[in-house]
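Structural overview
Residue-level listing of the chains:
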Amino acid sequence: MSLVTLLPFIVLIGAMFLMTRSAKKKQNAAAQMRNEMQPGTGVRTIGGMYATVKEVNEETVLLDAGPGVDLLFAKNAIGAVLGDDEYNRIVHGIEHDLKSDESVVPDDASSLTGTDEPVDVSDDKAIDLGKKDAAEEPVVEPTVQPVVEPADEPAAAEPKKTDAADLKKSDGESDTK
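Before going into details, it helps to say that this report is about the structure given with it. Since the structure is predicted, the reported quantities are computational estimates derived from the model, not experimental observations.

**With respect to the overall build of the protein chain**
Broken down by element type, the protein chain carries four helices and five strands. Counting only contacts in the protein chain whose residues sit at least 6 apart along the sequence, the fraction spanning at least 24 positions is 38%. Carbon and sulfur atoms provide 56% of the accessible area of the protein chain, an area that totals close to 15,700 Å².

Here you go:
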């Protein structure tokens, strides 16, 4: 066999060796991290839960997730062991002040205008876009127009009677009975 035909196989075997070697390094680093856990250390599980290590056993870890909440996890379920600063920043919202010498960015636009006086926004009128109650709306009473019939018809000399049902009809209701 010639070297040209064996070269693709050699490259393929070398690539597989390098991939498995890097995966083993990652696994060993994760196992070492899990073995170095101590009580009081902050951790993140692979499910994303943050807790404090209470007790470490050979295969399991007892975590304190809150007051009166102790959870038993497998060591393999620990995704990361966090430092104290990182754990406090994430869980308790405590920022470590490392950047105290940087300038402070104001939370208003006074630095952009060049004045330190607050802008008066009281001239703006609030617009009420909500629905109004039916009790607040004015009620429009229907007006009754007298019916005038031609005088040349003797049978229709009597005024036409209107009852209350006819007066209440509104918004295009029909007279169909």
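**What about the pairing of strand β4 (residues 69-74)?**
Pairing analysis gives six bridges linking strand β3 (residues 60-66) to β4, with the strands arranged antiparallel. Its bridge partner lying in β4, Leu63 is registered against Leu71. From the end of β3 to the start of β4, which pair antiparallel, there are two residues, and Gly68 there has a positive phi angle of about 80°.

**Side note on the pairing of strand β1 (residues 42-45)**
As paired elements, β1 and strand β2 (residues 50-56) share three bridges and run antiparallel to each other. Bridging from a neighbouring strand, Val43 pairs with Ala51 of β2. The hairpin formed by β1 and β2 contains four residues between the paired strands, and Gly48 there has a positive phi angle of roughly 95°. Judged from the four bridges that link them, β1 and strand β5 (residues 78-82) form a sheet pairing that is antiparallel. Note on β5: the bridge partner recorded for Gly42 is Leu82.

**A closer look at a nonpolar patch on the surface**
Taken together, the side chains of Leu3, Leu6, Phe9 and Ile10 define a hydrophobic patch exposed on the protein surface, amounting to about 430 Å² of accessible area. Taking relative accessible area as the criterion, Ile10 reaches 51% and is therefore assigned exposed.

**Here we look at the side chain of Thr45**
By the secondary structure assignment, Thr45 is in strand β1. In this structure, Thr45 is in contact with Leu63, Phe73, Ala77, Ile78 and Gly79, ignoring residues within four places of it in sequence.

**Looking at the nonpolar core**
Met37, Val43, Ala51, Val53, Val61, Leu63 and Ile78 form the largest nonpolar core, which has seven residues in total. Those elements giving two or more residues to this core turn out to be β2 and β3. For Ala51, the contacting residues outside a window of four places in its chain are Thr41, Gly42, Val43, Leu63, Asp64, Ala65 and Tyr87.

**What to know about the pattern of salt bridges**
Going through the model one piece at a time under the given rule, you end up with one salt bridge. Between Asp70 and Lys54 there is a salt bridge, and its shortest N-O distance comes to 2.7 Å. Placement of Asp70 in strand β4 and of Lys54 in strand β2 is noted, with a sequence separation of 16 residues between them. Classification of Asp70 as partly exposed rests on a relative accessible area of 38%.

**Some points on the side chain of Lys75**
As for its placement among the helices and strands, Lys75 is situated in the loop between β4 and β5. Although Lys75 is buried, it makes no salt bridge; Glu59 carries the closest opposite charge, 7.2 Å away. Of note is the side chain of Lys75, whose polar atom sits 3.3 Å from the backbone oxygen of Asn57.

Each value, and the rule that gives it
Residues numbered from 1 in each chain as written. Predicted model: local features only at pLDDT ≥ 70, side-chain atom pairs only at ≥ 80, totals over all residues. Heavy atoms only, no water. Helix = DSSP H or I, 4+ residues; strand = E, 2+ residues; numbered from the N terminus. Contact = heavy atoms within 4.5 Å. Areas by Shrake-Rupley, 256 points an atom, 1.4 Å probe, with all protein chains shown as cover. Pairing = 2+ DSSP bridges. Patch = residues over 30% accessible without salt bridge, like charges linked within 9 Å, V, L, I, M, F, W, Y side chains within 5 Å. Salt bridge = Lys/Arg side-chain N within 4 Å of Asp/Glu carboxyl O. Buried < 20%, exposed > 50% of the residue type's maximum accessible area, 1.4 Å probe, protein only. Core = buried A, V, L, I, M, F, W, Y, C linked by side-chain atoms within 4.5 Å. Lys, Arg positive; Asp, Glu negative; His and termini not counted. Polar contact = N/O pair within 3.5 Å; in protein donor to acceptor, adjacent residues only side chain to side chain.

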